[in-house]
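What follows is each chain in one-letter form.
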Amino acid sequence: MKKVSIIGGGIIGLCSAYYLAKEGYEVVVFDKSDMNDGCSYGNAGMIVPSHIIPLAQPGMIAQGIKWMFDSHSPFYVKPRLNADLMKWGLLFYKHANLKHVEKAMPALCDLSLLSKELYQDFAKESNSFFYEEKGLLMLYKTDKTAEEIHHEGKLAEALGLEVDFLSKEEVSKLEKGTATNVIGGVHYKSDAHIYPQKFMQFIKDELNRLNVKIHSQTTVNNFVIKNNTVAEIVTDKGTFATDEIVLATGSWSPEIAKKLNINISILPGKGYSFTLKGQNHKPSIPSILCEGKVAVTPMNTDIRFGGTMEITHTKDTKINQNRLQGIVNSINDFYPDLKIEMPKEEDTWFGFRPCTPSGMPIIARDKKLKNLTVVTGHAMMGLSLAPASGKIVSEIISEKPTSVDTQMFQL
Ligand SMILES: Cc1cc2nc3c(=O)[nH]c(=O)nc-3n(C[C@H](O)[C@H](O)[C@H](O)COP(=O)(O)OP(=O)(O)OC[C@H]3O[C@@H](n4cnc5c(N)ncnc54)[C@H](O)[C@@H]3O)c2cc1C
């Protein structure tokens, strides 16, 4: 059987490894980190068929510019005189229109629903990662946001998702964990959630069982290309021959793709989270606090809060205290009884969401290099879309028809 080498051991790389190993391939994963704390670990753990509208959407540019002047805002583009940023911005501008959103919505919805089914299969095997189907509550405090959120809810309903539009009283009835200070909410019954760190452990155990070799702390630096085929992978720990190669390098994809003479426009969207352990008094339904764009996820006995999207570069590892304060302020505004304090810097996690300018993930066979498949750019939906993306990677390499149409996920 062919040997498939996967570069990148985040959730996208590991789910690809899983479905490829299940198909009988010999699978090897390379990751430069110790694979314990990257973007796939501290995220909000939401599985979101509800998220059908890509980041590139009408109105986002004007909103983004407004937010750039507010240091507590949830979205920020770090201004730099940099060719990659300018190119990304231009492409984002080109995609931020209704026509793109209309094409993106059904594609994202299909991919997401497939992923949810695959998570259900995993959970049947062993729910060590606390998979739960409680839906997602979009909570809001102003009429203006209510209008936007209702509009999105109607679009999701039109695609066949089950959506409830709730009054203030109905929100209180549903959210029994703690009081909310909102004027209403939209409940997407389609959504689910997991504990990301526990899922990463689960999938690593599965890969171990399937004899997948994982080389952590191994950086891929270059490639040997022969006859339009990647023949060898050059790492800091030696050179490895391969038959197939999968690029799943998240926010680092542009730099590694350059070594393959491929242009991928991705910028990291830095986000923060913090987790309070062993909390009895906490929200019981995963929620988005819409005005602050804060994600709230109960994970077994813990509760995780996450937010902010700073479009930046991968060397920017600073924790911006103002933006973190913005998250804390939103939580205390929406949940008056929680009284959350600013987390210490050492208790604050950050991760880089790999953001494409179209807001669409890439799941595609390269057109020039015959044995290269690219799977990256999942932005704020990487956990949600990982199993489906991994399954499609295995179908592409096996030359089988893909489970969902991949036209919107091309390079
Ligand atoms: C605050 C926050 C909340 C989020 N909440 C959610 C959520 O609720 N639901 C959801 O679906 N998504 C969420 N996300 C997004 C999700 O976490 C990401 O989309 C996902 O983790 C991306 O996975 P990945 O495997 O593509 O990238 P990563 O997890 O970043 O993995 C890429 C890997 O490639 C490795 N790598 C890079 N270059 C090399 C090289 N040269 N050699 C070897 N290895 C290399 C890196 O070390 C890294 O481990 C959130 C993100 C953030 C920041």
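Residues numbered from 1 in each chain as written. Predicted model: local features only at pLDDT ≥ 70, side-chain atom pairs only at ≥ 80, totals over all residues. Heavy atoms only, no water.

## Describing helix α7 (residues 196-209)
Okay, step 1: Here α7 is 14 residues long and its end C-alpha atoms lie 20 Å apart, about the 20 Å a rise of 1.5 Å per residue gives.
Okay, step 2: Within α7 the residues assigned to the buried category are Pro 196, Phe 199, Met 200, Phe 202, Ile 203, Lys 204, Glu 206 and Leu 207.
Okay, step 3: The elements touched by buried residues of α7 are α1 (11-22), α4 (98-125), β9 (213-215), β16 (294-299), β17 (302-311) and α10 (382-397). (Helix = DSSP H or I, 4+ residues; strand = E, 2+ residues; numbered from the N terminus. Expected span 1.5 Å × (residues − 1). Buried < 20%, exposed > 50% of the residue type's maximum accessible area, 1.4 Å probe, protein only. Contact = heavy atoms within 4.5 Å.)

## Some points on the sheet that holds strand β10 (residues 220-226)
To summarise the sheet geometry, strands pair through backbone hydrogen bonds and adopt either a parallel or an antiparallel arrangement.
Okay, step 1: Pairing in this open sheet of three strands is antiparallel, and the strands run β10-β11-β12 from one edge to the other. Each edge of the open sheet carries a strand with a single partner, namely β10 and β12 (238-241). Pairs of neighbouring strands in the sheet enclose a mean axial angle of 25°, with direction left out of account.
Okay, step 2: Pairing of β10 with strand β11 (residues 229-235) involves six bridges; the strand directions are antiparallel. (Pairing = 2+ DSSP bridges. Axes fitted to C-alpha atoms, helices over the stretch in contact; angles between N-to-C directions.)

## Comments concerning the site of the ligand
Okay, step 1: Taken together, 35 residues sit near the ligand, with Asp 31, Ser 40, Met 46, Ala 379 and Ser 384 positioned nearest.
Okay, step 2: In this structure, Asp 31 approaches the ligand through a side-chain N or O atom, which is 2.6 Å from an oxygen atom.
Okay, step 3: Between an oxygen atom of the ligand and a side-chain N or O atom of Ser 40, the distance comes to 2.6 Å.
Okay, step 4: Across the complex, the protein chains shield 95% of the 1,000 Å² of accessible surface that the ligand would expose by itself.
Okay, step 5: Within the residue set of the shell around the ligand, elements represented by two or more residues are α1, β14 (267-276), β18 (349-355) and α10. (Near = heavy atom within 4 Å. Polar contact = N/O pair within 3.5 Å; in protein donor to acceptor, adjacent residues only side chain to side chain. Areas by Shrake-Rupley, 256 points an atom, 1.4 Å probe, with all protein chains shown as cover.)

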